[in-house]
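As a plain string of letters, each chain reads:
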Protein chains: 2
Amino acid sequence: METIDNHNIYADADIERAARCLKAMSHPLRLKILCVLGTEAISVQDIVEKVGTSQSNISQHLSILREKDILGFKKDANRVFYYIDDPRMLKLIEMMREIFCAECK
Amino acid sequence: METIDNHNIYADADIERAARCLKAMSHPLRLKILCVLGTEAISVQDIVEKVGTSQSNISQHLSILREKDILGFKKDANRVFYYIDDPRMLKLIEMMREIFCAECK
DNA sequence: GCTATTGTTTAGCGTTTTCTAATGTACAAT
DNA sequence: ATTGTACATTAGAAAACGCTAAACAATAGC
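The paragraphs below set out a description of the structure included in this document. What you see as residue numbers is a count from 1 along each chain, following the sequence as written. Chains carry letters and ligands carry numbers; both start at the beginning, A for chains and 1 for ligands, and go up in the order they are written. For a predicted model such as this one, the threshold for reporting local features is a pLDDT of at least 70, and the threshold for listing and counting side-chain atom pairs is 80 or more; totals across whole chains, interfaces and linings nevertheless cover every residue. No hydrogens and no water enter the side-chain calculation; it runs on all heavy atoms of the structure.

1. Points about the packing of helix 1 (residues 12-25) of chain A against helix 5 (residues 87-101) of chain B
Here's step 1: Across the interface, helix 1 of chain A lies against helix 5 of chain B with an axial gap of 10 Å and an inter-helix angle of 110 degrees. Looking at the two axes, helix 1 of chain A sits roughly perpendicular to helix 5 of chain B. Seen along the crossing, helix 1 of chain A lies across helix 5 of chain B with a hand that is right-handed. In this structure, helix 1 of chain A contributes Asp14, Arg17, Ala18, Cys21 and Leu22 of chain A to the contact, and helix 5 of chain B contributes Met96, Phe100 and Cys101 of chain B.
Here's step 2: Polarity classes work like this: nonpolar for Ala, Val, Leu, Ile, Met, Phe, Trp, Tyr, Cys and Pro, charged for Asp, Glu, Lys and Arg, and polar for all others, with Gly in that last group. Looking at the contact of helix 1 of chain A with helix 5 of chain B residue by residue, the classes come out as six nonpolar, no polar and two charged. Axis lines are fitted through C-alpha atoms, for helices just across the contact stretch, and the angle between N-to-C directions can take any value from 0 to 180 degrees. Each helix corresponds to a stretch of at least 4 residues labelled H or I by DSSP, and each strand to a stretch of at least 2 residues labelled E; elements are numbered beginning at the N terminus. The cut-offs work like this: below 35 degrees is roughly parallel, past 145 is roughly antiparallel, 65 to 115 is roughly perpendicular, and the gaps in between are oblique. When the near helix sits turned anticlockwise from the far one by under a right angle, the crossing is termed left-handed; a clockwise turn instead gives a right-handed crossing. By definition in these notes, contact holds between two residues if any of their heavy atoms fall within 4.5 Å.

2. A few points about the relation of the copies chain B and chain A
Here's step 1: Mapping chain B onto chain A leaves a residual RMSD of 0.1 Å; the transformation is a rotation of 180 degrees accompanied by 0.0 Å of translation along its axis. Such values leave the two copies arranged in the relation of a two-fold axis.
Here's step 2: An overlap of 100% is found between the interface residues of chain B and their copies at the interface of chain A, pointing to a shared contact surface. Alignment of copies: least-squares fit on C-alpha atoms of residues with pLDDT of at least 70 in both copies.

3. Observations regarding the protein's contact with DNA strand C
Here's step 1: Think of it this way: one heavy atom of a residue within 4 Å of a molecule or strand is enough to make that residue near it. Neighbouring residues of DNA strand C: 22 residues in total, closest His61 of chain A together with Gln45, Gln55, Ser59 and Tyr82 of chain B.
Here's step 2: Here, DNA strand C places atoms within 4 Å of the protein, and 62% of those atoms are sugar or phosphate.
Here's step 3: Between DNA strand C and Lys23 of chain A, the relevant distance is 2.7 Å, taken from a phosphate oxygen to a side-chain nitrogen or oxygen of the residue.
Here's step 4: The separation between a base oxygen of DNA strand C and a polar side-chain atom of Gln60 of chain A is 2.9 Å.
Here's step 5: For the surface near DNA strand C, the leading source of residues is helix 4 (residues 55-67) of chain B, giving five residues.
Here's step 6: Of the residues contributing to the surface near DNA strand C, the split by class is five nonpolar, 13 polar and four charged. In the analysis that follows, any N or O atom pair within 3.5 Å is treated as a polar contact, provided that within protein one partner can donate a hydrogen and the other can accept it, and provided that, for residues neighboring in sequence, both atoms belong to side chains.

Shown next, in the form of structure tokens:
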């Protein structure tokens, strides 16, 4: 019966935010997009080739990641280059690699 | 044109596995369950109280986490105690807290 | 035996996700 | 101008999700 309910260590707002972030990464294609991006800025066309699905499909997934402020982009003439804009996401990607790829070498 | 296609650094199997894991965590209630569990084994009833939704709903989410081998459980008389069984998941939870709760203090 | 407690499962329904296919838009090159 | 390239958007259908409510199962206590 404290002033602040400490039976709940985790703020629901943090949980919601984290869950939304995880959800964005939780699709194989989106996760792969994030992995191939890493710290680079890559054009949609190149992403399509590296990830391997239709251009329309990639575009839709990019739009999802864009809406959640995970990706940024810059246009250059005909092309659009996407990059990971959220530093937390970069950390997460790195950690995911450590955790899920450590034993598979 | 190497023997192993290195235009693709990330094995699709790893991606799939990681994505499945992320998906399991990507629901607010499930994430919260994992957070309150931490390294402990907690009964369903206690989880219900700490997480805050119906018992049936918690049970369903527990079942999802169980199916994906993220949670283990042991029965004791009337109760069932759940715990995080996958060490990778524990790491992930820890990292999530660092990333999403670091700046919010 | 009953009754309460603890937990799981099923059914059903509305919502969300994710894909394919088609269309639209903008710039480039000729 | 028209043709090609790069990308976004829309529409629509199938599947997956997530909830409430209800039924079910197992143990505990009387």
